[in-house]
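Here is how the chains run, residue by residue.
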Amino acid sequence: MSQLNVLNRAADNIRILAAAMVEKAKSGHPGGAMGGADFVNVLYSEFLTYDPKDPQWINRDRFFLDPGHMSPMLYAILSLTGKFTMEECSNFRQWDSPTPGHPEVDVMRGIENTSGPLGQGHVMAVGAAIAERFLCARFGEWMSHKTYAFISDGGVQEEISQGAGRLAGHLGLHNLIMFYDSNDIQLSTETWAVTKEDTAKKYEAWGWNVLTIDGNSAEAIRGALTMAHAETERPTLIIGKTIMGKGAVTESGESYERKCATHGMPLGEAGASFEKSIENLGGDPKNPFVIFPEVADLYAKRAAELEKIAAEKKAEQAAWEAANPELAAKLKKFFSKEAPVVDYSKIAQKADQATRAASATVLGVFAKEVENMIVSSADLANSDKTDGFLKNTTFFKNNDFSGAFLQAGVCELTMAAIMNGIALHGGVVCACGTFFVFSDYMKPAVRMAALMQLPVKYIWTHDAFRVGEDGPTHQPIEQEAQIRLMEQLKNHHGKNSALVLRPADVEECTVAWKMAMENVETPTALILSRQNIKNLPAVSGNRYEEALQSAKGAYIVTKDEKPEVVLVANGSEVASLVAGAELLKERKGIQVQIVSAPSEGLFFNQSKEYQEEVIPSNLPVFGLTAGLPSSMYRLVGKNGIVWGLDHFGYSAPFKVLDEKFGFTAENVFNQVSALLNK
């Protein structure tokens, strides 16, 4: 059998396995997987470089799947490489199976990213490509590798694709190769019903190298990939015109290709005949979970080639390490996943500043001391104060990654998904910033970071209605309650899916950054103030040392000898409690215990004894929050009340809003007095 015939046989093998997985599960998406089989087959059998014996090899090529519903295609091709058994494929979408409905990141099995929400997968690829260029700029082109992405019509339509296309072209990510599976079919309609754009011209306008081919021709795919590898200045988009449900036929043997129905249901339910389709593709419908001998041989030969290629590349790395021992040690440290070593106690903060300003101070230290950190901002660096980092480095430019700052432009969701890709690549610490109210634009990618357990850092400033004159569109109210739900949601390892920190003063901000950098297992959100905040009292004389107690989520700031009431808040509101407590003691002699709770989630991870010490269950509790009261309900408990906002903000100076909304020492006095009178 000729090489081309073997390749086509392998592609049909992928189609058979994909269709069989969906048919047996009685749910899934066979059509796209059957159409895209030719590309992944040529990619994995001839181009993708990896080490079959070392899946975590840092210089492997990466493959990012965007349309996660095409998971049967991914599991099928990975089964040909030995990563999945036929039994595992046959248990597609079943409980405790390693082949879920949409792929979940598992590098040991060759899955580089979790995918499902359309658009995000290929943007993660952009992030990985940025990480690769960043590292090559520091260690040399010997560690260069390709990042491949696979996108569908739906992913192109998702708005996030614009940000990815613009940035990849602008930066000249020539190491990025994306295959667009253009089959003109989507879930409920053909694409002509929703768009008439010229995708090729759009990507050309962004500065991409665009190639249009027959996406079901192995020879055309090979030629396009060869041309993409030769490109040295631009990312490449290969538009592959493919056939949805390629090989599907009816009971009578008529073609059932290019049908919307095969997009999202088993062939047998969609109007095709599963049995006849499998026969048409050269398989046995009674035993479809089989890798054909000639296909197994093709991939065994490729595995042998890959072992030699990887060995040569690793030998090149070893020679480089021997010649550059200091750089080699640095590279090893970058990929160790250990938190960077920084002496946070030496970071000098100016008292009574906004926590965004305190964050800028810390970021300035990181720019000098954390050499593998990338920071990004969505066109707000001088306002979210990520410019504390930028002032000590330069931003990425076309084919210039010597700096460490990504000017993302106005594209919060794209930026967040790029951070996920950087984190997935490995070797780089990443953080991104914008206004807290615009975290709404980022939530889909934040959720994916939590699901994938990626240690991305979010810098969200302008944390409350105290944005003031900008008005309700810019004043976060419900956002804190939303993001704190991620602290209550557990990931697949049973841990809080995110760490959310709202520091109460500049020293707590330093500690919050310390906690964020030391959190290498989940994403961290830093919620920071626009306005200045008075430093909390330092009982011991060392405010930083006291703020280190934030590591337990909540701690006692001040405590009278016999407290009659507990006052609890986070962020700016803690200082308001301190001012209110002074009035309570001055006017009524009321003894208080003031608690700062930067992380509700961490606090409830502590022992019951510690929780009882900080917020005793036998005392009334007053909670203060500039957001929805629900964000404090767990903290105040059954003996507590919360003063918060249940309405949008208004445009006015923030001090006026404090008065109008009751965020004053006087109102703290009034509310606590009323609580105690009950």
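Residues numbered from 1 in each chain as written. Predicted model: local features only at pLDDT ≥ 70, side-chain atom pairs only at ≥ 80, totals over all residues. Heavy atoms only, no water.

### Examining the overall build of the protein
For the protein, the count of helices and strands is 26 helices and 16 strands. Projected onto its principal axes, the C-alpha positions of the protein cover 95 × 60 × 45 Å. Buried positions account for 62% of the 678 residues belonging to the protein. Sequence separation of at least 24 residues holds for 76% of the intrachain contacts in the protein that already meet a minimum separation of 6. A total of about 25700 Å² of accessible surface is found on the protein, and carbon and sulfur atoms cover 51% of it. The centroid of the 65 positive side-chain charges in the protein is displaced by 2 Å from the centroid of its 82 negative side-chain charges. (Helix = DSSP H or I, 4+ residues; strand = E, 2+ residues; numbered from the N terminus. Buried < 20%, exposed > 50% of the residue type's maximum accessible area, 1.4 Å probe, protein only. Contact = heavy atoms within 4.5 Å. Areas by Shrake-Rupley, 256 points an atom, 1.4 Å probe, with all protein chains shown as cover. Lys, Arg positive; Asp, Glu negative; His and termini not counted. Charge placed at Lys NZ, Arg CZ, Asp CG, Glu CD.)

### Here we look at the packing of helix α5 (residues 120-139) against helix α13 (residues 325-334)
Packing of α5 against α13 leaves a shortest axis separation of 11 Å and a crossing angle of 160°. When the axes of α5 and α13 are compared, the pair comes out roughly antiparallel. Every pair of crossing elements has a handedness; the one defined by α5 and α13 is right-handed. Where α5 abuts α13, its residues L135, R138 and F139 lie against L327, K330, L331 and F334. Its residues assigned to classes, the contact of α5 with α13 comprises five nonpolar, no polar and two charged. (Axes fitted to C-alpha atoms, helices over the stretch in contact; angles between N-to-C directions. Parallel < 35°, antiparallel > 145°, perpendicular 65-115°, else oblique. Left-handed = near helix turned anticlockwise from the far one by under 90°. Nonpolar A, V, L, I, M, F, W, Y, C, P; charged D, E, K, R; others polar.)

### Observations concerning the side chain of H263
On the secondary structure map, H263 appears in the loop between β5 (236-241) and α10 (267-270). In this view, H263 contacts G28, H29, P30, H69, I185, Q186, L187 and M244; residues no more than four positions away in its chain are not counted.

### Topic: the sheet that holds β5
With parallel pairing, the five strands of this open sheet are ordered in space as β1-β2-β3-β5-β4. Only two strands of the sheet have a single neighbouring strand rather than two, namely β1 (62-65) and β4 (209-214). Taking the axes of each pair of neighbouring strands and ignoring which way they run, one obtains an average angle of 20° across the sheet. Sheet topology note: the strand β3 (residues 176-182)/β5 ladder contains six bridges and is parallel. Its bridge partner being in β5, Y180 is matched across the sheet by I239. Docked against the sheet, helix α2 (residues 30-47) engages β1, β2 (147-152) and β3, running at close to 170° with respect to β2. (Pairing = 2+ DSSP bridges.)

### Some details on the pattern of salt bridges
Tallying each qualifying case throughout the model produces 36 salt bridges. Between K314 and D51 there is a salt bridge whose closest N-O contact spans 2.8 Å. With a gap of 263 residues between them, K314 in helix α12 (residues 293-323) and D51 in the loop between α2 and β1 connect regions that are remote in the sequence. Note on K314: relative accessible area 28%, which makes it partly exposed. E573 is the partner of R502 in a salt bridge, and the nearest nitrogen-oxygen pair spans 2.6 Å. Of the two residues, R502 sits in the loop between β10 (499-501) and α19 (506-518) while E573 sits in helix α21 (residues 573-588), which places them 71 residues apart along the sequence. Residue class for R502 comes out buried when judged on its relative accessible area of 1%. A relative accessible area of 0% means that E573 is categorised as buried. (Salt bridge = Lys/Arg side-chain N within 4 Å of Asp/Glu carboxyl O.)

### A closer look at α5
Between the first and last C-alpha of α5 there are 29 Å, a value that for 20 residues agrees with the 28 Å anticipated at 1.5 Å per step. Most of α5 is tucked away: 18 of the 20 residues are buried. (Expected span 1.5 Å × (residues − 1).)

### Looking at the packing of aromatic side chains
In the structure shown here, the tally under the stated rule is 24 aromatic pairs. Chaining the aromatic ring pairs together yields one cluster made of F139, W142, W320 and F334. A cation sits over an aromatic face here: R9 above F292, 3.5 Å from the ring centre. Taking the ring centre of F134 as reference, the NZ or CZ of R138 above it sits at 3.6 Å. (Phe/Tyr/Trp six-rings, centres within 6.5 Å; stacked < 30°, edge-to-face > 60°. Lys NZ or Arg CZ within 6 Å of the ring centre and 35° of its normal.)

### Thoughts on the sheet that holds strand β6 (residues 373-377)
Taken together, the six strands give an open sheet; going across it, the order is β7-β6-β8-β9-β11-β10, and neighbouring strands pair in parallel fashion. For this open sheet the edge positions go to β7 (405-407) and β10, each flanked by a neighbour on one side alone. For this sheet the average axis-to-axis angle between neighbouring strands, irrespective of direction, equals 15°. Against the sheet, helix α18 (residues 479-488) engages β9 (457-461), β10 and β11 (524-527), with an angle of about 140° to β10.

### Examining the nonpolar core
In terms of nonpolar packing, the biggest core is built from 160 residues, with I130, F366, M373, W513 and L567 touching the most fellow members. At 12 residues, the largest contribution of residues to this core is made by α5. Sequence-distant contacts of W513, defined by excluding residues within four places in its chain, comprise Y344, S359, V362, L363, F366, M373, A431, K457, I459 and L526. With 63 residues, the next largest nonpolar core counts L65, M70, M73 and F84 among its residues. (Core = buried A, V, L, I, M, F, W, Y, C linked by side-chain atoms within 4.5 Å.)

### Quick notes on the packing of α21 against helix α26 (residues 665-677)
Interaxial distance between α21 and α26 falls to 8 Å at its minimum, and their mutual angle equals 60°. As far as their axial angle goes, α26 and α21 are oblique. Crossing geometry of α21 relative to α26 is assigned as right-handed. Between α21, through S576, L577, A579, G580, L583, L584, R587 and K588, and α26, the contact on the second element is made entirely by A665, E666, V668, F669, V672 and S673. In the contact of α21 with α26, the residues fall into eight nonpolar, three polar and three charged.

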